[in-house]
Amino acid sequence: SLKGGSKMKKLENKVMLITYSDSMGHNLKDLEKILSEYFRDAVGGVHILPFFPSSGDRGFAPMDYTKVDPAFGGWEDVERLADKYYLMFDYMINHISAQSEYYKDFLAKKEDSEYKDLFIRYKDFWEGGEPTQEQVDVIYKRKPRAPYVDAHFADGTMEKVWCTFDEEQIDINCKSETAKKFIRDNLVGMCRHGAAMIRLDAFAYATKKAGTSCFFIEPEIWELLDECTDILKPYQVEILPEIHEHYTMQKKIEDKGYYVYDFALPMLLINALYYGQTKYLKHWLEICPRKQFTTLDTHDGIGVVDVKDLLPDEEINRTKEDIFKYGANVKKIYNTAAYNNLDIYQVNCTYYSALGDDDDAYLLARAVQFFAPGIPQVYYVGLMAGKNDLKLLEETKVGRNINRHYFTEEEIAEEVKRPVVEKLIRLMEFRNSFPAFDGSFAMKECEDGKLVIVRESNGYTAELEADFAEKKFTIYTTQPGGERQVLDK
């Protein structure tokens, strides 16, 4: 349904909202209405988390990329949003749902299935059909054993197929011709329905080679990214590879000309705000990728693995431990098996609650994010300066749900009246409309505990002066030929 003379938006340097289809209102129509009513100038783009029919992991076990889950609406709702905002869609390049027609066809027909090469069959992947213990040990995995599920075929036979994550998420053999066509068809479909950017979820797991970690394998990873880029180029659609790992990996991806995520900023800012120190934060802002999307909060937890070597180990441990002390309503047990959550890589907590539900600290963190290099992303709970949702957490016993509140339209109408939310919206509107952010980034010399950032473009300057001990900041603006003014926030 590619519309004639379509005005679907392409990527812009404006704040991007991250949201599920049913988290601000009940569906995509509600989302569009709420955005135009309350956040029209504050939000430039929207990352709509997976909205396809799915069998698990809140959308991340997609069954079919050609459809919108009817609970959320249809393609016309997505395309209407694409006319107003630049959109990011997710493509789970590493896996597809166990309930998908592709996998079900494979189980039904086995060797006669046209999708038999779409999956990674242990019998073909490993010499002798099984990995050795050494081979299992070196795999970068999410489970304490070899990553597979047993495929039970209609003819009564059984074999192992690769499965990195949940049993609902069956890995795809990206090297096969069947998968290459599958990837092309799905990516082209997304472009035609209004994607300005496609986020490749869990992409580092998609390169597998016996005897390696099967994670971010070079040069295969670059070949895969290049293949995707070539498919998207005619549509002027960008790629954002998603990876939580050491910052040097993000630098490598940036060196190849791709956009990356800044997942290090969240912990660095918490560290700076807890202890009134800015040296680690300043160092990162000096060296961080420039072609990036910044985050403070996402649908996952607050990344810990991402700050390795950017904060000394003792600072990481102190910050992580102190989230349970300074943070509001966050307990260690939420990050344990009792809440189906054993992820040592992240802490589950809203960003506002991690900062002790402190308005000043929270707005300072957002101001730094908006002045940092790159395009800022604001998660929908963060947009509402949301507190930990202990009710949803206890009802579901899923750790990450602490930061996945469902906002009704009535709730949002109330939340936007809170001073912290009003101020955040004004900051976002300023970030989207003031021309200085399209230009250079520089920091001024200042003592530890303070931070001064200057953004400049064509005679427009915006300067942020921040004090982390006092949790206060001021923004100064200059227009071409004009006086320096304090931004009223």
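Residues numbered from 1 in each chain as written. Predicted model: local features only at pLDDT ≥ 70, side-chain atom pairs only at ≥ 80, totals over all residues. Heavy atoms only, no water.

Novice: Got a minute to help me understand the overall build of the protein in this structure?
Specialist: Check the secondary structure of the protein and you find 17 helices and 19 strands. Over its C-alpha trace the protein gives a radius of gyration of 23 Å, about what one expects of a compact globule, namely 23 Å for 489 residues. Principal-axis analysis of the C-alpha atoms gives the protein an extent of 75 × 55 × 45 Å. Surface exposure of the protein reaches about 19,500 Å², of which carbon and sulfur atoms provide 49%. Of the side-chain charges in the protein, 63 are positive and 83 negative, and the distance between the mean point of each set is 1 Å. (Helix = DSSP H or I, 4+ residues; strand = E, 2+ residues; numbered from the N terminus. Rg over C-alpha atoms; globule rule 2.2 N^0.38 Å. Areas by Shrake-Rupley, 256 points an atom, 1.4 Å probe, with all protein chains shown as cover. Lys, Arg positive; Asp, Glu negative; His and termini not counted. Charge placed at Lys NZ, Arg CZ, Asp CG, Glu CD.)

Novice: I'm lost on the side chain of Thr-164 in this one. Help?
Specialist: Take Thr-164: it is sitting in the loop between β6 (158-162) and β7 (169-171). A distance of 3.3 Å separates polar atoms of two side chains, one belonging to Thr-164 and the other to Trp-162. A polar atom in the side chain of Thr-164 sits 2.5 Å from the side chain of Asp-171. Contact partners of Thr-164, with chain neighbours within four places excluded, come to Asn-94, Arg-142, Lys-143, Pro-147, Asp-171, Tyr-205 and Lys-208. (Polar contact = N/O pair within 3.5 Å; in protein donor to acceptor, adjacent residues only side chain to side chain. Contact = heavy atoms within 4.5 Å.)

Novice: What is the right way to look at the sheet that holds strand β14 (residues 375-379) in this model?
Specialist: Where strands meet in a sheet, backbone hydrogen bonds hold them as pairs that are either parallel or antiparallel. One open sheet accounts for 8 strands, arranged β9-β8-β3-β2-β1-β14-β11-β10; its pairing is parallel. Only two strands of the sheet have a single partner each, and these edge strands are β9 (238-241) and β10 (260-262). Neighbour-to-neighbour, the strand axes of the sheet open up by a mean angle of 30 degrees, direction not taken into account. Pairing analysis gives 3 bridges linking strand β2 (residues 45-48) to strand β3 (residues 86-91), with the strands arranged parallel. Bridged to His-47 within β3 is Met-88. (Pairing = 2+ DSSP bridges. Axes fitted to C-alpha atoms, helices over the stretch in contact; angles between N-to-C directions.)

Novice: Explain the packing of helix α1 (residues 28-38) against helix α2 (residues 75-84) here, please?
Specialist: Where α1 contacts α2, the two axes come as close as 9 Å, and the packing angle between them is 20 degrees. One way to sum up the angle between α1 and α2 is to call them roughly parallel. Viewed along their axes, α1 and α2 form a crossing whose handedness is left-handed. Contact residues: α1 offers Leu-28, Lys-29, Leu-31, Glu-32, Leu-35 and Ser-36, while α2 offers Asp-77, Val-78, Arg-80, Leu-81 and Lys-84. The class makeup of the residues in the contact of α1 with α2 is 5 nonpolar, 1 polar and 5 charged. (Parallel < 35°, antiparallel > 145°, perpendicular 65-115°, else oblique. Left-handed = near helix turned anticlockwise from the far one by under 90°. Nonpolar A, V, L, I, M, F, W, Y, C, P; charged D, E, K, R; others polar.)

Novice: How should unusual backbone geometry be read in this particular structure?
Specialist: Outside of glycine, negative phi angles account for most residues, and trans bonds account for most peptide bonds. The residue after Glu-218, namely Pro-219, is reached through a cis peptide bond having omega 0 degrees. Among the secondary structure elements, Pro-219 is positioned in the loop between β8 (195-200) and α7 (220-232). Positive phi is not limited to glycine here, since Lys-110 has a value of about 50 degrees. Topologically, Lys-110 is positioned in the loop between α3 (101-109) and α4 (122-125). Judged by its relative accessible area of 17%, Lys-110 falls in the buried class. With a phi angle near 50 degrees, Asn-458 is a residue other than glycine that sits in the positive phi range. (Buried < 20%, exposed > 50% of the residue type's maximum accessible area, 1.4 Å probe, protein only.)

Novice: How should the nonpolar core be read in this particular structure?
Specialist: Soluble globular proteins tend to bury their nonpolar side chains together. Core analysis: the largest hydrophobic core is formed by 154 residues, its most contacted members being Met-24 and Phe-39. With residues near it in sequence (within four places) discarded, Phe-39 still touches Met-24, Ile-34, Leu-383, Met-384, Ile-412, Val-416 and Ile-425. With 11 residues, the next largest nonpolar core counts Met-16, Tyr-86, Tyr-261 and Phe-263 among its residues. (Core = buried A, V, L, I, M, F, W, Y, C linked by side-chain atoms within 4.5 Å.)

Novice: Mind showing me how you'd approach the sheet that holds strand β17 (residues 460-467) here?
Specialist: The strand order across the open sheet built from 5 strands is β15-β16-β17-β18-β19, with neighbouring strands paired in antiparallel fashion. With partners counted over all chains shown, the strands left at the sheet margins are β15 (440-443) and β19 (485-486), one partner each. Relative to β17, helix α13 (residues 359-371) is tilted by about 145 degrees, and along the sheet it contacts β15, β16 (450-457), β17 and β18 (472-478).

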